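Commentary on secondary and tertiary structure
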Amino acid sequence: MSLRHYLRRPPAVTAAEAVRLVADGALVVDVRREFEWNRVHIPGAVHLPLEELPGRCLELPEDRLLITFCTGGIRSAGAANLLVENGFDAVNMSRGLVDWRAAGGPLTTR
């Protein structure tokens, strides 16, 4: 990914909005590293580390809203921009894991 993916503000949703969108069928794309994913993640999310996203984004479904997710929202902002550039309907969940927990979003270690 290039620097330009981080210079623009992508479409974004709050964690509370993301919880609702996931209940309505949106897919969370977790772009954190393997050790972060293994610690805790959102049930049903797709794990696609940011460094793998450019080469593997075409594996993602084109018929669902994609919500990019990371710990704080910075890496996932770049990911959302990359996905939008590749024709996906994608938004960034701003403020990441902390806000997801605060919004009552489920988490798992499995």
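Conventions used here
Note that residues are indexed from 1 along each chain, following the sequence as it is written. With pLDDT at 70 or above as the cut-off, local features in this predicted model cover only qualifying residues; side-chain atom pairs require 80 or more to be listed or tallied, and sums for whole chains, interfaces and linings still use all residues. To obtain the side-chain values, all non-hydrogen atoms of the structure were used and water was disregarded. Exposed residues in this analysis have more than 50% of their type's maximum accessible area, buried residues have under 20%, and partly exposed residues fall in between, with area computed by a 1.4 Å probe over protein chains only. The way it works is that DSSP assigns letters per residue, a run of H or I at least four long becomes a helix, a run of E at least two long becomes a strand, and they are numbered from the N terminus. Strand pairing requires that DSSP identify at least two bridges connecting the strands. UniProt positions are given in the numbering used here, feature names are shortened, and annotations may be inferred rather than shown by experiment. A pairing counts as a salt bridge when a side-chain nitrogen of Lys or Arg comes within 4 Å of a carboxyl oxygen of Asp or Glu. In this analysis, the expected span of each helix is defined as 1.5 Å times one less than the number of residues it contains. For this analysis, residues touch if any pair of their heavy atoms sits within 4.5 Å. Lines fitted to C-alpha atoms define the axes here, with helix axes fitted over just the stretch in contact, and angles between the N-to-C directions of these axes take values from 0 to 180 degrees. Polar contact criterion, stated in full: a pair of N or O atoms within 3.5 Å, where within protein one must be able to donate a hydrogen and the other to accept it, and residues adjacent in sequence count only if both atoms are side-chain atoms.

Per an unreviewed UniProt entry, the protein chain carries the name Sulfurtransferase and comes from Streptomyces hygroscopicus.

1. Regarding the pairing of strand 5 (residues 90–93)
On strand 5, burial covers both faces: A90 and N92 on one face and V91 and M93 on the other are all buried. Pairing of strand 1 (residues 12–13) with strand 5, which is carried by two bridges, proceeds in the parallel orientation. Directly across from V13, in strand 5, lies its bridge partner M93. Relative to strand 5, strand 4 (residues 66–69) runs parallel, the two being bridged by three bridges. Residue pairing for strand 5: L66 is matched across the bridge by A90.

2. Observations regarding the UniProt feature "domain: Rhodanese" (unreviewed entry) in the protein chain
With numbering matched to this structure, UniProt assigns "domain: Rhodanese" (unreviewed entry) to residues 22–109. Along residues 22–109 one finds 35% helix and 16% strand; the C-alpha atoms at either end are 19 Å apart.

3. Digging into the pattern of salt bridges
It is possible for side chains bearing opposite charge to pair when their charged atoms get close. Enumeration over the complete set of coordinates arrives at six salt bridges. We note a salt bridge from R56 to E52, for which the minimum N-O separation is 2.5 Å. Assessed through its relative accessible area of 29%, R56 is described here as partly exposed. Classification of E52 as partly exposed rests on a relative accessible area of 33%. Put simply, E52, R56 and E59 are held in one network by salt bridges that share partners.

4. Looking at helix 5 (residues 74–85)
Helical geometry note: an α-helix holds 3.6 residues per turn, so side chains three or four residues apart project in the same direction. Taking 1.5 Å of rise per residue, the twelve residues of helix 5 would be expected to cover 16 Å, and the 17 Å separating its terminal C-alpha atoms lies within 8% of that figure. Those residues of helix 5 lying buried are S76, A77, G78, A79, A80, N81, L82 and L83. G87 occupies a position one or two residues after helix 5 and carries a positive phi of about 90 degrees.

5. A short note on the sheet that holds strand 5
The five strands are arranged 1-5-4-2-3 in an open sheet whose pairing can be described as parallel. Lying at the two open borders of the sheet, with one neighbouring strand each, are strand 1 and strand 3 (46–47). Running at roughly 175 degrees to strand 5, helix 5 makes contact with strand 4 and strand 5 of the sheet.

6. With respect to the side chain of R32
Assignment of secondary structure puts R32 in the loop between strand 2 (27–30) and helix 3 (34–39). On the basis of relative accessible area, R32 is assigned to the buried category, the value being 2%. A distance of 3.4 Å separates the side chain of R32 from the backbone oxygen of E36, its partner in a polar contact.

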